[in-house]
Amino acid sequence: MTRRAVVKGVGHYLPERVVPNAEFEQKIDTTDEWIRTRSGIERRHFAAEGEHTSDLAVNAARAALADAGMNVDDVDAIVVATSTPDLTFPSAATMVQDKLGMTRGFAFDVQAVCAGFVYAMTNANALVVSGQADTVLVIGAETFSRILDFDDRATSVLFGDGAGCVVLQAETGAGTSDDRGILATDLNSDGRYRDLLYVDGGISTGTSGVLRMQGREVFRHAVEKLAATAHKSLDDAGLTADDVDWIVPHQANIRIIQGTAKKMGVSMDRVVVTVQDHGNTSAASIPLALSVGKQNGQIKQGDVVITEAIGGGLAWGSVLIRW
Ligand code: UT7
């Protein structure tokens, strides 16, 4: 018998304000056409003034708990993946804990930029499998609009704000790939690539800084590394790409999503795509896509779902789930 971390609920929250590509046309030298064809993005959501990452996260957590038919008393731990916490500390996770009215258990943040959600899921899975927690909220939440240079057309048009949450709960499985729950995880990073994607501020500068990216270089790494990490998780679980019902990729660029699916030999009708509506929401993009994919009837109980992401670090990885 094997302890498995099974997805019991999923939910998301997007800030009210929708920013279409046209809004950028008025301010910088760009076009809706360029943004759509190079990235697949049509619109994104931006948080309101005074609305912070922990606010988005708590709304996603409430939606996921409702979907699971649970309440906060059922939760042992909260893991928040974010690179845009409200403050340097305390963690966004303890802010969510407080806002949910949860006075027991523990909460912490994971920072692996766009790969944050796969890192958070891997940590949460380890907590569940080792018996340190039975029920964990795993949240990806970001307010990237706060770290954009709106004069830089190469980055400002790509990112958005949002949050998604998955409720994981311990169940006993047979230890085979037929079990529901997280079947395999794979994490990687290589700090030599720090200059490809970083924020130029922080404790060392006394400013929160803005995002800097060599997009073409990140793109060059993305498809190969994403397909490799997805295959590693599938191999570890004794499955192949033919067994995959849904790829739920990090939503950075439709061309990366298409390239990775093609490299894996999976057709695009088995890929959940939300990049057109959300832009790149960094650590929030996968749980947002999981939630939208469940809501619109794509992802169903028993489906094999592979999530994969790459971002600043570089850091990348994948999580294989039987839903
Ligand atoms: O989530 C974290 C991981 N991040 C990613 O996965 C992002 C990966 N990279 C990408 O998605 C793509 O590289 C971008 C969407 C960022 C850029 O697409 P690209 O096809 O790689 O374009 P490029 O950077 O090679 O730029 C092509 C041209 C350049 O002009 P020149 O040098 O050819 O004259 C850019 O200056 O497009 C120009 N350009 C723009 N033009 C209009 C760059 N940004 C814009 C813009 N509007 N917003």
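Throughout what follows, the structure given in this document is the object of discussion. (Residues numbered from 1 in each chain as written. Predicted model: local features only at pLDDT ≥ 70, side-chain atom pairs only at ≥ 80, totals over all residues. Heavy atoms only, no water.)

The subject of this paragraph is the pairing of strand S13 (residues 315-322). With eight of eight residues buried, S13 lies mostly within the body of the structure. By the alternation rule, side chains of S13 split into Ala315, Gly317, Val319 and Ile321 and Trp316, Ser318, Leu320 and Arg322, which are all buried. Two strands pair when backbone bridges link them, and strand S12 (residues 304-311) and S13 are joined in this way by eight bridges, in the antiparallel orientation. Residue pairing in the sheet places Ala309 in a bridge with Gly317 of S13. The loop that links S12 with its antiparallel partner S13 comprises three residues; one of these, Gly313, has a positive phi angle of about 145 degrees. (Buried < 20%, exposed > 50% of the residue type's maximum accessible area, 1.4 Å probe, protein only. Helix = DSSP H or I, 4+ residues; strand = E, 2+ residues; numbered from the N terminus. Pairing = 2+ DSSP bridges.)

A separate point is the site of the ligand. Close to the ligand lie 23 residues; Thr30, Arg216, His250, Asn253 and Asn280 are nearest. Gly215 places a polar main-chain atom, nitrogen or oxygen, 2.9 Å from a nitrogen atom of the ligand. Note that an oxygen atom of the ligand is positioned 2.6 Å from one of the side-chain N or O atoms of Asn280. When the ligand is considered free in solution it has 960 Å² of accessible area, and contact with the protein chains removes 76% of it. Those elements giving two or more residues to the shell around the ligand turn out to be helix H2 (32-39), helix H6 (153-156), helix H7 (215-236), helix H8 (254-264) and S12. No other element matches H7, which puts four residues into the shell around the ligand. Partitioning the shell around the ligand into residue classes produces twelve nonpolar, six polar and five charged. (Near = heavy atom within 4 Å. Polar contact = N/O pair within 3.5 Å; in protein donor to acceptor, adjacent residues only side chain to side chain. Areas by Shrake-Rupley, 256 points an atom, 1.4 Å probe, with all protein chains shown as cover. Nonpolar A, V, L, I, M, F, W, Y, C, P; charged D, E, K, R; others polar.)

Turning our eyes to something else, we now look at the environment of Ala141. Examined against the element boundaries, Ala141 turns out to sit in strand S6 (residues 135-143). We classify Ala141 as buried; its relative accessible area is 0%. For the pair formed by Ala141 and Met102, sequence separation is 39 residues and the distance between their alpha carbons is 19 Å.

Right, let's get into the packing of aromatic side chains. Applying the stated rule across the entire model yields three aromatic pairs. Where Phe46 meets Phe150, the ring centres are 5.9 Å apart and the plane angle is 75 degrees; that geometry is what we call edge-to-face. With Phe46 in strand S3 (residues 43-46) and Phe150 in the loop between S6 and H6, this residue pair connects regions lying 104 residues apart in the sequence. In this structure Phe150 comes out as partly exposed when scored by relative accessible area, which is 37%. Judged by centre distance (6.4 Å) and plane angle (5 degrees), the rings of Phe106 and Phe108 are stacked. Take Phe106: its relative accessible area is 32%, and that puts it in the partly exposed class. A relative accessible area of 26% means that Phe108 is categorised as partly exposed. (Phe/Tyr/Trp six-rings, centres within 6.5 Å; stacked < 30°, edge-to-face > 60°.)

Going through the model one piece at a time under the given rule, you end up with 20 salt bridges. Residue Glu171 pairs with Lys8 through a salt bridge whose shortest N-O separation is 2.5 Å. Here the residue Glu171 occupies a position in strand S7 (residues 161-173), and Lys8 occupies one in strand S1 (residues 2-13), the gap between them amounting to 163 residues. For Glu171, a relative accessible area of 28% corresponds to the partly exposed category. Assessed through its relative accessible area of 27%, Lys8 is described here as partly exposed. The partner of Arg43 in a salt bridge is Glu42, and the shortest N-O contact between them spans 3.1 Å. (Salt bridge = Lys/Arg side-chain N within 4 Å of Asp/Glu carboxyl O.)

A separate point is the state of the cysteines. Tallying each qualifying case throughout the model produces zero disulfides. Here Cys165 is not cross-linked by a disulfide; its sulfur's nearest cysteine counterpart is in Cys114, at 19 Å. (Disulfide = S-S within 2.5 Å.)

In a beta sheet, neighbouring strands pair by backbone hydrogen bonds and run either parallel or antiparallel. Read across the open sheet, the five strands follow the order S1-S7-S6-S4-S5; overall the sheet is mixed. Pairing within the sheet leaves two strands with one partner each, and these edge strands are S1 and strand S5 (106-110). Between one strand axis and the next, the sheet turns by 20 degrees as a mean value, whatever way the strands run. Pairing analysis gives five bridges linking strand S4 (residues 77-81) to S5, with the strands arranged parallel. The residue of S5 that forms the bridge with Val80 is Asp109. Packed on one face of the sheet, helix H4 (residues 92-99) meets S4, S5 and S6 and runs near 140 degrees to S5. This element, helix H5 (residues 116-129), spans S1, S4, S5, S6 and S7 of the sheet and lies at about 165 degrees to S6. (Axes fitted to C-alpha atoms, helices over the stretch in contact; angles between N-to-C directions. Contact = heavy atoms within 4.5 Å.)

Here we come to the nonpolar core. Core analysis: the largest hydrophobic core is formed by 45 residues, its most contacted members being Leu239, Ile247, Met264, Ile306 and Leu320. Looking at this core, the elements with two or more residues in it are strand S8 (181-189), H7, H8, S12 and S13. Here this core takes seven residues from H7, the largest share from any one element. Setting aside anything within four residues of it in sequence, one finds Ile306 in contact with Ala230, Ser233, Val244, Trp246, Ile247, Val248, Met264, Ser318, Val319 and Leu320. (Core = buried A, V, L, I, M, F, W, Y, C linked by side-chain atoms within 4.5 Å.)

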